[in-house]
Every structure is written in structure tokens, then in C-alpha cells.
Amino acid sequence: MNTLEKLRDFINSHEDWELEANKAIEENGWNDEIGEDYGICSDQTHRLAFDGNMVAHIVAK
């Protein structure tokens, strides 16, 4: 998974996503935000985070 969009889609379609997400975050050099205020990760311009219904979305920083 080399884009935030692919990671978002993976997380939204798999219940057990955390190990794969950690691997993708590390391999792509993204900022790990798992455990921080609904955060998952971010790059220079966007943040991947959960909404109140625990659905992952990409938002501008």
C-alpha cells in the first residue's frame, strides 16, 4: 500500500488492519498517529483519521 487512499480502503474493509497499517506507514515514511485523537497517519499534506463512526477518511492538514 503506497498511497493514503489504498491504506484507507484497506482499513475500511478489514477488521484486523493494524499490523498491515503499521508496515505501510513505516515503509512509506508517513507520520504514525495511531492512538492519537482518532489518527492513523499523515504525510506532508493530508491526514488519514477515523471519524466518530470509526470510518477512515483522508482530510487536508
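Residues numbered from 1 in each chain as written. Predicted model: local features only at pLDDT ≥ 70, side-chain atom pairs only at ≥ 80, totals over all residues. Heavy atoms only, no water.

(A) Region of the structure containing a negative patch on the surface. Residues Glu15, Asp16, Glu18, Asp32, Glu36 and Asp37 make up a contiguous surface patch of negative charge. You can see Glu18 is positioned in helix 2 (residues 18-28). A relative accessible area of 40% places Glu18 in the partly exposed class. (Patch = residues over 30% accessible without salt bridge, like charges linked within 9 Å, V, L, I, M, F, W, Y side chains within 5 Å. Areas by Shrake-Rupley, 256 points an atom, 1.4 Å probe, with all protein chains shown as cover. Salt bridge = Lys/Arg side-chain N within 4 Å of Asp/Glu carboxyl O. Lys, Arg positive; Asp, Glu negative; His and termini not counted. Charge placed at Lys NZ, Arg CZ, Asp CG, Glu CD. Helix = DSSP H or I, 4+ residues; strand = E, 2+ residues; numbered from the N terminus. Buried < 20%, exposed > 50% of the residue type's maximum accessible area, 1.4 Å probe, protein only.)

(B) View of the nonpolar core. Ranked by internal contacts, the top residues of the largest apolar core, which has 14 residues, are Leu7, Ile11, Trp30, Ile40, Cys41 and Leu48. If you list the elements that add at least two residues to this core, you get helix 1 (4-13), helix 2, strand 2 (39-42) and strand 3 (46-50). Looking at this core element by element, the count peaks at four residues for helix 1. For Leu48, the residues in contact, after removing those within four places along its chain, are Leu4, Leu7, Arg8, Ile11, Gly39, Ile40, Cys41, Ala56, His57 and Ile58. (Core = buried A, V, L, I, M, F, W, Y, C linked by side-chain atoms within 4.5 Å. Contact = heavy atoms within 4.5 Å.)

(C) Quick peek at the sheet that holds strand 2. The four strands are arranged 1-2-3-4 in an open sheet whose pairing can be described as antiparallel. The sheet terminates laterally at strand 1 (31-32) and strand 4 (56-60), the two strands that pair on one side only. In terms of strand pairing, strand 3 meets strand 4 through five bridges, oriented antiparallel. Across the sheet, His46 pairs through a bridge with Ala60, a residue of strand 4. Against the sheet, helix 1 makes contact with strand 2, strand 3 and strand 4, and its axis sits at roughly 155° relative to strand 4, the strand it touches most. (Pairing = 2+ DSSP bridges. Axes fitted to C-alpha atoms, helices over the stretch in contact; angles between N-to-C directions.)

(D) Structural context of the pairing of strand 2. As paired strands, strand 1 and strand 2 are joined by two bridges and run antiparallel to one another. Paired with Asn31 across the bridge in strand 2 is Ser42. Of the pairings in the sheet, the one linking strand 2 to strand 3 comprises three bridges and is antiparallel in character. Across the sheet, the residue bridging to Gly39 is Ala49, located in strand 3. Linking two consecutive strands that pair antiparallel, namely strand 2 and strand 3, is a turn of three residues.

That's the geometry; what it means functionally is another story.
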